Amino acid sequence: MSVTSRIYNSAWQRDGEELKRDGWRSGILAVSVSDKRLTSLEREAIRAIGERLYGGLDGTRA
């Protein structure tokens, strides 16, 4: 006999794009520098912002 919680009966998992859209509507931007929809200038700007706020990919801060 398997027991499942009623809490999860109507739960669903949202895809990444839906999460990003909802985040943006709350003032949060989640974007990948490798997103092909961005121009090279936009990718560079996002990379520079990310490095300034969170450091480089190697863990060093700019």
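Check the entry above for the structure.
Residues numbered from 1 in each chain as written. Predicted model: local features only at pLDDT ≥ 70, side-chain atom pairs only at ≥ 80, totals over all residues. Heavy atoms only, no water.

### A few points about the overall build of the chain
How we decide: Secondary structure counts use DSSP, requiring at least four H or I residues in a row for a helix and at least two E residues in a row for a strand, with both numbered from the N terminus. Each residue gets one of three labels from its accessible area relative to the maximum for its type: buried under 20%, exposed over 50%, partly exposed in between, using a 1.4 Å probe on protein chains only. All accessible areas in this document rest on Shrake-Rupley with a 1.4 Å probe, and a residue is counted as covered only by the protein chains that are shown.
Counting its regular elements, the chain contains two helices and zero strands. Across the 62 residues in the chain, those meeting the buried criterion constitute 8%. Here the chain has roughly 6,000 Å² of accessible surface; of this, 56% comes from carbon and sulfur atoms.

### Overview of the pattern of salt bridges
To keep things clear, this is the line we draw: Each salt bridge in this description consists of a side-chain nitrogen of Lys or Arg and a carboxyl oxygen of Asp or Glu lying within 4 Å of one another.
On inspection of all chains with the given rule, the structure shows seven salt bridges. Note that Asp35 is salt-bridged to Arg37, the shortest N-O span being 2.6 Å. By relative accessible area, Asp35 is classed as buried at 15%. Judged by its relative accessible area of 61%, Arg37 is exposed. Arg47 is the partner of Glu51 in a salt bridge, and the nearest nitrogen-oxygen pair spans 2.6 Å. Taken together, the residues span about one helical turn, with Glu51 and Arg47 both in helix H2 (residues 40-54) at a distance of four residues. With relative accessibility at 26%, the residue Glu51 sits in the partly exposed group.

### Side note on the layout of surface pockets
Test applied: In the cavity and pocket records, a cavity denotes points on a 1 Å grid over the protein atoms alone where a 1.4 Å probe fits but cannot get out, a pocket denotes an open set with protein on both sides within 12 Å along at least 5 of 7 lines, and lining residues are residues with an atom within 4 Å of a point. Grid points are joined across faces, edges and corners, and a volume is the space filled by probe spheres set on the points. Gly is placed with the polar residues, together with every amino acid not listed as nonpolar (Ala, Val, Leu, Ile, Met, Phe, Trp, Tyr, Cys and Pro) or charged (Asp, Glu, Lys and Arg).
Approximately 260 Å³ is the volume attributed to the largest pocket. Around the largest pocket sit 13 residues that line it, and Lys20, Leu29, Ala30, Val31 and Arg37 are the ones nearest its centre. Looking at which element gives the most residues to the lining of the largest pocket, the answer is helix H1 (residues 16-25), with four residues. Residues of the lining of the largest pocket, tallied by class, amount to seven nonpolar, one polar and five charged.

### Focus: a nonpolar patch on the surface
Defined as follows: To count toward a patch, a residue needs a relative accessible area above 30% and no salt bridge. Like charges then connect within 9 Å, nonpolar side chains (Val, Leu, Ile, Met, Phe, Trp, Tyr) within 5 Å.
On the surface, Trp24, Leu29 and Val31 cluster together to form a nonpolar patch covering roughly 330 Å² of accessible area. Relative to the assigned elements, Val31 resides in the loop between H1 and H2.

### Comments concerning the environment of Leu57
Relative to the helices and strands, Leu57 resides in the segment after H2. Separated by ten residues in sequence, Leu57 and Arg47 have C-alpha atoms that sit 9.9 Å apart.

Everything listed here is a matter of coordinates, which is why it stays silent on function.
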